[in-house]
Amino acid sequence: MKKSLFVICIATVLATASFSCKKTLSTIFGGIDADAPSITVPLPAIPAFAVGIEPTTPITFSSPFKLDSVIRANTAGVFGISAVNSITVKKVTITNNNGNNANNLSNLESFRILISSKNNSTKSEFIRATFPNTPDLFSYTTTSTSGTELLNYLKDDTIYYDVYGKARKETTQSLNLAVVVTLHVK
């Protein structure tokens, strides 16, 4: 009986200490906003027959991602992945690097990216943008994001992207889009 009581007391002390350390760490590490490495999306020329239609087959690609390095770089090496409880998208900036007056972001109506990872194959939307119908639009920033919790995806070292878009008007050349995602890490 004494042994059982002793084991229960030790277990309670350890559980309390573990919870307290996590709570203290959470208080100290209140969260940061960090830019993830830029994603380059090659968008092929959009023919007239594809205007107004979102293709069912996405543009797919993968990218290495080191979340621990991003966190350490933004906290002077003090915190790493183990201090993180949540990651969401704060804002997204999409820039057309090779456009001209006839071929730029104003040709696009909407744009969305689904994310998955090596150990989490469930695809989830994490970026959605609707572009204004403004001539000569070469860069666009939105805070309108899905609110998807990304921690389980970004813990992996390889991220997979599925890109979908809907054109407002045709393009006569391919567009190279740079997507910079600002993450809120807490």
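In what follows, the structure referred to is the one given above.
Residues numbered from 1 in each chain as written. Predicted model: local features only at pLDDT ≥ 70, side-chain atom pairs only at ≥ 80, totals over all residues. Heavy atoms only, no water.

*Asks:* Just checking my understanding: could you explain the side chain of Thr 171 for this structure?
*Replies:* Structurally, Thr 171 is set in the loop between β8 (158–167) and β9 (175–185). Looking at Thr 171, the relative accessible area reads 5%, which means it is buried. If near-sequence neighbours (up to four positions away) are discounted, Thr 171 is found in contact with Pro 44, Ala 45, Ile 46, Asn 103 and Asn 107. (Helix = DSSP H or I, 4+ residues; strand = E, 2+ residues; numbered from the N terminus. Buried < 20%, exposed > 50% of the residue type's maximum accessible area, 1.4 Å probe, protein only. Contact = heavy atoms within 4.5 Å.)

*Asks:* Could you clarify how one ought to interpret the packing of aromatic side chains in this entry?
*Replies:* The full count for this structure, using the stated rule, is four aromatic pairs. Pairing Phe 126 with Tyr 161 gives two aromatic rings, centres 6.2 Å apart and planes at 35 degrees, and the pair type is tilted. Linking Phe 126 in strand β6 (residues 124–130) with Tyr 161 in strand β8, this pair joins segments that are 35 residues apart in sequence. Under the relative-accessibility criterion, Phe 126 is labelled buried at 4%. (Phe/Tyr/Trp six-rings, centres within 6.5 Å; stacked < 30°, edge-to-face > 60°.)

*Asks:* Just to check I follow, could you spell out the sheet that holds β6 for this structure?
*Replies:* Backbone-to-backbone hydrogen bonds pair the strands of a sheet. The strands run either parallel or antiparallel. Within the open sheet, the four strands sit side by side as β3-β8-β5-β6. Their pairing is antiparallel. Since the sheet does not close on itself, it has two edges, and those belong to β3 (59–64) and β6, each with one partner. Within the sheet, the average angular offset between the axes of one strand and its neighbour, ignoring direction, is 25 degrees. Pairing geometry for strand β5 (residues 108–117) and β6, over six bridges, is antiparallel. From the neighbouring strand, Phe 111 faces β6, where its bridge partner is Ala 129. (Pairing = 2+ DSSP bridges. Axes fitted to C-alpha atoms, helices over the stretch in contact; angles between N-to-C directions.)

*Asks:* Looking at this structure, I do not really get the pattern of salt bridges. What am I missing?
*Replies:* This structure, assessed with the given rule, holds eight salt bridges. Residue Glu 54 is joined to Arg 112 by a salt bridge in which the shortest nitrogen-to-oxygen separation is 2.9 Å. Here Glu 54 is found in the loop between β2 (39–43) and β3, whereas its partner Arg 112 is found in strand β5, with 58 residues between them in sequence. Residue classification places Glu 54 among the partly exposed positions, given a relative accessible area of 30%. With relative accessibility at 17%, the residue Arg 112 sits in the buried group. (Salt bridge = Lys/Arg side-chain N within 4 Å of Asp/Glu carboxyl O.)

*Asks:* Hey, could you run me through the pairing of β5 in this one?
*Replies:* Looking along a regular strand, one sees side chains alternate from face to face of the sheet. Most of β5 is tucked away, with nine of its ten residues classed as buried. Sheet topology places β5 next to β8; nine bridges connect them, and they run antiparallel. In the strand pairing of β8, Ser 116 is matched with Tyr 160. Count of turn residues in the β5/β6 antiparallel hairpin: six residues.

*Asks:* What am I meant to see in unusual backbone geometry here?
*Replies:* Leaving glycine out, the prevailing phi sign among residues is negative, and the prevailing peptide bond configuration is trans. In this structure, Ala 76 takes a positive phi of about 55 degrees despite not being glycine. Within the element layout of this structure, Ala 76 appears in the loop between α2 (67–74) and β4 (87–96). Not every positive phi belongs to a glycine, and Asp 136 is a case in point at roughly 55 degrees. Owing to a relative accessible area of 38%, Asp 136 belongs among the partly exposed residues under this scheme.

*Asks:* How do you make sense of the pairing of β2 when you look at a structure like this?
*Replies:* The side-chain alternation of β2 yields one buried face, formed by Ile 39, Val 41 and Leu 43, and one unburied face, formed by Thr 40 and Pro 42. By the bridge criterion, five bridges tie β2 to β9 in an arrangement that is antiparallel. Following the sheet pairing, Ile 39 is matched in β9 by Val 179.

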